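Chain by chain, the residues:
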Amino acid sequence: MSNAPRRAGRHFLQIPGPTPVPDRILRAMDMPVIDHRGPEFKRLSLRVLSGIRTIFKTASPVVIYPSSGTGAWEAALLNTLSPGDKVLMYETGHFATLWKNIAVKLGLQPEFIASDWRSGADAAAIEARLSEDKAHTVKAVCVVHNETSTGATSRIDEVRRAMDAARHPALLMVDTISSLASIDYRHDEWGVDVTVGGSQKGLMLPPGLGFNAISDKALAAAKAARLPKSYFGWKEMLAANKDGFFPYTPATNLLYGLAEAIEMLHEEGLDRVFARHERHAEAVRRAIRAWSLEILCRDPKYYSSTLTAVLMPDGHNADVLRAAALDKFDVSLGTGLSKVAGKVFRIGHLGDTNDLTIIATLAGVEMALRLVGVPHKPAGVAAAMAYFAETARGDN
Ligand SMILES: *Cc1c(COP(=O)(O)O)cnc(C)c1O
């Protein structure tokens, strides 16, 4: 028991994942645990295994691990590659770096295209590197779709075109952990071989599920892949999934939640979900500019619609601001990670959010800026409100 007095009202969890879980999903998960080898589980599992494909926009299988997103990253590499294989990865930020570190630990040879953490992956740089690789020693290209440490979204369609232009046969693997179900994503159309996902961001679920969407080409690569694997092996998982079962105990109650999340996304319509996120992101950017603060992502082409990282003025620590926002206004903002620690804070605007969630969050930030004495113009919330009022339509 804590000695802190109870805080009334709802906490504002405005970090870029985990995101607030809607009541409907909480209720859907509030079920007795069932026999994961029985007929009721089979019905649930066949429903989510087919429904989740519509979210990745794929006709291929999607496997669901009881793991965090990190497990799904590891699974993508383990199932498709062999010791010493070269992989081309792009340093969009902290999460791309973590994925690269996994590749190193697994005995792969990642080549990391460096960046300053202020934009998305440059498809032309990927094309140039692949064009040099006449012997096709690079076995996979790995890109983080939405870099959660910086708020930059890479153009996967452009990366695909760059790989095709270089006539390179490498697999394309994409991390969509903080973009899936919030920013348009097309596993099949963009020719992605393995898409990595997680439950706790756009899917509005608690943490605990990791996803791999798997193309035919990735399945073929899996047959020859020699990295040792056990828990994360696709083969056993896919064989069991065919009949609606898992090779080990699945996260049953999270799967009830997943079924509900998929239903909610379709009730709203994926295109409307994406438009809602774009609109909220634009309101947040207008607020930041009105405060006279700077957005970390330098190029509007790569602006993320799920989160925005804000640069602090020199001499001001982002974590002091975040601590005040949490302590005084009960809003959690994202911290700056590794290279940008203390220099940025991140506003999450993804998942189950509406206009007033965004306005309240921005109000919390604006009040905290004032409270801790960060120089700014107190005009951000007003700018966001004006934008929302001007763009309010019947369908959002
Ligand atoms: C959150 C996140 C991860 C890590 O997922 P965990 O569930 O914490 O393991 C990886 N990549 C991206 C882009 C993320 O946003």
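## Remarks on the sheet that holds strand β12 (residues 307-311)
Working step 1: Pairing is antiparallel across the open sheet formed by 3 strands, whose spatial order is β11-β12-β14. Of all the strands in the sheet, the pair left with one neighbour each is β11 (294-295) and β14 (344-348).
Working step 2: Across 5 bridges, β12 lies against β14 in antiparallel orientation. Among the inter-strand pairings, Ala309 is bridged to a residue of β14, identified as Arg346.

## Topic: the packing of aromatic side chains
Working step 1: All told, the structure shown has 9 aromatic pairs when counted by the stated rule.
Working step 2: Where Trp73 meets Trp99, the ring centres are 6.1 Å apart and the plane angle is 10°; that geometry is what we call stacked. Taken together, the residues span a long stretch of sequence, with Trp73 in helix α3 (residues 69-80) and Trp99 in helix α4 (residues 94-105) at a distance of 26 residues. Side by side, Trp73 and Trp99 carry an identical accessibility label, which is buried.
Working step 3: The interplanar angle of 85° and the centroid separation of 5.1 Å between the aromatic rings of Tyr231 and Phe232 together place this pair among those described as edge-to-face.
Working step 4: Judged by relative accessible area, which is 14%, Phe232 ranks as buried.
Working step 5: Taken together, the aromatic side chains of Tyr65, Tyr231, Phe232 and Tyr248 make up a single cluster linked through ring pairs.
Working step 6: Above the plane of the ring of Phe95 lies Lys201, whose end atom (NZ or CZ) is 5.4 Å from the centre.

## Points about the side chain of Asn253
Working step 1: Position of Asn253 among the secondary structure elements: in helix α9 (residues 252-268).
Working step 2: A polar atom in the side chain of Asn253 sits 2.9 Å from the backbone oxygen of Met29.

## Topic: the site of the ligand
Working step 1: Around the ligand, 13 residues are found, and the nearest of them are Ser68, Thr70, Thr148, Asp175 and Lys201.
Working step 2: Taking Gly69, its main chain carries an N or O atom lying 2.8 Å from an oxygen atom of the ligand.
Working step 3: Here an oxygen atom of the ligand sits 2.7 Å away from a polar atom, N or O, in the side chain of Gln200.
Working step 4: Relative to its free-state accessible area of 380 Å², the ligand is covered by the protein chains to the extent of 87%.

## Regarding the pattern of salt bridges
Side-chain pairing between opposite charges can occur once the charged atoms of the two side chains come close.
Working step 1: Taken as a whole and assessed by the stated rule, the structure comprises 22 salt bridges.
Working step 2: The shortest N-O distance in the salt bridge between Asp330 and Arg7 comes to 3.7 Å. Remark: Arg7 occurs in the segment before β1 (12-14) and Asp330 occurs in the loop between α11 (318-329) and β13 (331-333); sequence separation between them is 323 residues.
Working step 3: Looking at Arg7, the relative accessible area reads 39%, which means it is partly exposed.
Working step 4: The salt bridge partner of Arg298 is Asp116, with a shortest N-O separation of 2.6 Å. Here Asp116 lies in the loop between β4 (109-113) and α5 (123-132) and Arg298 lies in the loop between β11 and β12, a separation of 182 residues in the sequence.

## Here we look at the pairing of β14
Working step 1: Of all 5 residues making up β14, 5 are buried, and the element is well covered by its neighbours.
Working step 2: Along β14, one buried face is formed by Val344, Arg346 and Gly348 and the opposite face, lined by Phe345 and Ile347, is buried too.

## Some remarks on the sheet that holds strand β2 (residues 62-65)
Working step 1: Pairing in this open sheet of 7 strands is mixed, and the strands run β2-β10-β9-β8-β5-β3-β4 from one edge to the other. Unpaired on one side and paired on the other, β2 and β4 mark the two borders of the sheet. Mean inter-strand twist for the sheet, computed between neighbouring axes without regard to direction, equals 20°.
Working step 2: For strand β5 (residues 138-144) and strand β8 (residues 171-175), the ladder comprises 5 bridges, and the chain directions are parallel. Looking at β8, one finds that Val143 is bridged to Val174.
Working step 3: Each of β5 and β8 is contacted by helix α6 (residues 156-165), which is oriented at about 165° to β8, the strand it contacts most.

## Considering the environment of Leu44
Working step 1: On the secondary structure map, Leu44 appears in helix α2 (residues 39-56).
Working step 2: Taking C-alpha positions, Leu44 is 9.8 Å from Leu258, a pair spaced 214 residues apart along the chain.
Working step 3: In this view, Leu44 contacts Thr252, Leu255, Tyr256 and Ala259; residues no more than four positions away in its chain are not counted.

## Regarding helix α8 (residues 234-242)
Working step 1: Inspection of α8 places Trp234, Met237, Leu238, Ala240 and Asn241 among the buried residues, and these make up the whole buried set. Buried residues of α8, seen end-on, are gathered within an arc of 165° and therefore sit on one face of the element. With respect to the buried face of α8, the exposed residues turned more than 90 degrees away are Lys235 and Lys242.
Working step 2: Elements that come into contact with the buried residues of α8 comprise α2, β2, α3, β9 (194-198), β10 (210-214) and α7 (216-224).
Working step 3: Backbone geometry just downstream of α8 places Gly244 in the positive-phi region, at approximately 85°.

## A word on the pairing of β8
Working step 1: Along β8, 5 of the 5 residues are buried, which leaves the element largely enclosed by surrounding structure.
Working step 2: A two-sided burial pattern is seen for β8, the buried positions comprising Leu171, Met173 and Asp175 on one face and Leu172 and Val174 on the other.
Working step 3: Two strands pair when backbone bridges link them, and β8 and β9 are joined in this way by 3 bridges, in the parallel orientation. Bridge pairing in β9 links Met173 to Val194.

## A word on unusual backbone geometry
Working step 1: In this structure, Pro18 follows Gly17 across a cis peptide bond, with omega equal to -5°.
Working step 2: Here Pro18 shows up in the loop between β1 and α1 (23-29).
Working step 3: For Trp117, which is not a glycine, the phi torsion comes out positive at approximately 65°.

Definitions and cut-offs
- Residues numbered from 1 in each chain as written.
- Predicted model: local features only at pLDDT ≥ 70, side-chain atom pairs only at ≥ 80, totals over all residues.
- Heavy atoms only, no water.
- Pairing = 2+ DSSP bridges.
- Helix = DSSP H or I, 4+ residues; strand = E, 2+ residues; numbered from the N terminus.
- Phe/Tyr/Trp six-rings, centres within 6.5 Å; stacked < 30°, edge-to-face > 60°.
- Buried < 20%, exposed > 50% of the residue type's maximum accessible area, 1.4 Å probe, protein only.
- Lys NZ or Arg CZ within 6 Å of the ring centre and 35° of its normal.
- Polar contact = N/O pair within 3.5 Å; in protein donor to acceptor, adjacent residues only side chain to side chain.
- Near = heavy atom within 4 Å.
- Areas by Shrake-Rupley, 256 points an atom, 1.4 Å probe, with all protein chains shown as cover.
- Salt bridge = Lys/Arg side-chain N within 4 Å of Asp/Glu carboxyl O.
- Axes fitted to C-alpha atoms, helices over the stretch in contact; angles between N-to-C directions.
- Contact = heavy atoms within 4.5 Å.
- Arc of directions from axis to C-beta.

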